[in-house]
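Fold and geometry: a report
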Amino acid sequence: MPREVFIDGSRVLLAEPFDVPHRPFVGRDEELAMCRIAWGVSLAGEQLLEDARPPLNFRLEGAPGMGKNELVYEIARGLDLPLYIIQGHEELTPEDLAVLLTPDPEGQLDTGVPLVLRASPLATALYEGALFFFDEINRVPDRALSPLASVLDGRQSIYSAMTGLHIGPPNDEAKARFRFCCALNPSLSNAGHVLPEYIEQRTLPVIEVKPPTFDELLTILAARLNLSPEFIVAFEQWYAEERYEVSVRQALALMTYAVNYDEQVGGDKIGILRKLSARVLGRGR
């Protein structure tokens, strides 16, 4: 059944939280600690600290595939709080961040009305006092980001111009739990995708997520894919030959592809990696 609440007399469906994957988190100790400190989370990651200082709305910056999302997932896993996510894109509107009027073909609310109000993941996180992550925020048009001004200051609420509703925490406990963070790819800024200054000033500190060290990358691969010793040796040799940075996402894709290939076709492990790497990394084709 959909979760519903009444806000100023209006019935609103809440968004469903993101299903955080349960998988090992490797490396990124410093970045993870900086995120937890910004959010007022214990360094062990198991509880929100109780003090009068409001949490900071930190911003993760780094190239795609470097593990920005995984940092947020790991914090959510430790706190065992709901996590809500919005993926930024060029067509996002202000109402996408607040409340949408959508068709209700199945009559989920049994009101006889074919339309229903649905709170966005951000509005739901505000109302519930949950964690919120705005991914690729610098892809979003400036106008669509304007509702964030009231989210990221002391008001901690979002206004829906379509419905006239102000959505925020219903009590002090929910208000104290709410956490906001965002992520962006700095290379997009060079192409003109920059954040408005009032959003930049409200999403601090900036935590840079750099490419992992080789040891971190190897540990992640071994933990996620249960690689054989032969494939680990082959990856070490291939990585030494590779002249470009490899992201965690690219390495995982390559090694998954290589293991699948080996199981069905077989062959020399290093030869497999050399053969498939161009298809994954897009180089040398």
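Since we're looking at a predicted model, the values are computed, not measured.

Observations concerning the overall build of the chain
- Along the chain, the regular secondary structure elements total 12 helices and 11 strands.
- In terms of principal-axis extent, the alpha carbons of the chain reach across some 65 × 45 × 40 Å.
- Expressed as a percentage of the 285 residues in the chain, the buried residues total 47%.
- Summing over all exposed atoms, the chain offers an accessible surface of approximately 14600 Å²; the carbon and sulfur share of this is 50%.

Some points on the packing of aromatic side chains
- Applying the stated criterion across every chain, the model contains eight aromatic pairs.
- Their ring planes at 85 degrees and their centres at 6.0 Å tell us that F132 and F134 sit as a pair that is edge-to-face.
- In this structure F134 comes out as buried when scored by relative accessible area, which is 0%.
- Seen from their ring centres, F214 and Y239 are 4.8 Å apart, and the 45 degrees between their planes marks the pair as tilted. With F214 in helix α9 (residues 214-225) and Y239 in helix α10 (residues 229-241), this residue pair connects regions lying 25 residues apart in the sequence.
- Overall, the relative accessible area of 23% leaves F214 in the partly exposed class.

Quick look at a nonpolar patch on the surface
- A contiguous nonpolar surface patch, about 300 Å² in accessible area, is contributed by M34, I37 and L43.
- Residue classification places I37 among the exposed residues on the basis of a relative accessible area of 52%.

Quick notes on the nonpolar core
- Within the largest apolar cluster, 37 residues are counted, with the highest numbers of intra-cluster contacts made by L122, F132, F134, I137, L148, I158 and F180.
- Those residues in contact with F132, other than ones at most four positions away along the chain, are W39, L83, Y84, I85, I86, P121, L122, A125, F178, R179, F180 and C181.

Considering the sheet that holds strand β10 (residues 179-184)
- Taken in spatial order, the five strands of this open sheet run β4-β7-β10-β3-β11, and their pairing is parallel. On the outer flanks of this sheet lie β4 (83-87) and β11 (206-208), each paired with one strand and no other. Each strand of the sheet is rotated relative to its neighbour by a mean of 20 degrees, with strand direction disregarded.
- Across four bridges, the pairing between strand β7 (residues 131-135) and β10 is parallel. Looking at β10, one finds that F132 is bridged to F180.

Quick notes on the pairing of strand β1 (residues 4-7)
- Residues V5 and I7 line the buried face of β1, whereas the alternating positions E4 and F6 sit on a face that is not buried.
- Taken together, β1 and the strand that follows it, strand β2 (residues 10-13), pair antiparallel across an intervening segment of two residues, in which D8 is found at a positive phi of about 50 degrees.

A short note on the environment of V12
- Note that V12 resides in strand β2.
- Note on V12: relative accessible area 0%, which makes it buried.
- For the pair formed by V12 and P2, sequence separation is 10 residues and the distance between their alpha carbons is 9.9 Å.
- When neighbours within four sequence positions are excluded, V12 is seen to be in contact with R3, E4, V5, I7, L117, R118, A119 and L165.

What counts, and where the lines are drawn
- Residues numbered from 1 in each chain as written.
- Predicted model: local features only at pLDDT ≥ 70, side-chain atom pairs only at ≥ 80, totals over all residues.
- Heavy atoms only, no water.
- Helix = DSSP H or I, 4+ residues; strand = E, 2+ residues; numbered from the N terminus.
- Buried < 20%, exposed > 50% of the residue type's maximum accessible area, 1.4 Å probe, protein only.
- Areas by Shrake-Rupley, 256 points an atom, 1.4 Å probe, with all protein chains shown as cover.
- Phe/Tyr/Trp six-rings, centres within 6.5 Å; stacked < 30°, edge-to-face > 60°.
- Patch = residues over 30% accessible without salt bridge, like charges linked within 9 Å, V, L, I, M, F, W, Y side chains within 5 Å.
- Salt bridge = Lys/Arg side-chain N within 4 Å of Asp/Glu carboxyl O.
- Core = buried A, V, L, I, M, F, W, Y, C linked by side-chain atoms within 4.5 Å.
- Contact = heavy atoms within 4.5 Å.
- Pairing = 2+ DSSP bridges.
- Axes fitted to C-alpha atoms, helices over the stretch in contact; angles between N-to-C directions.

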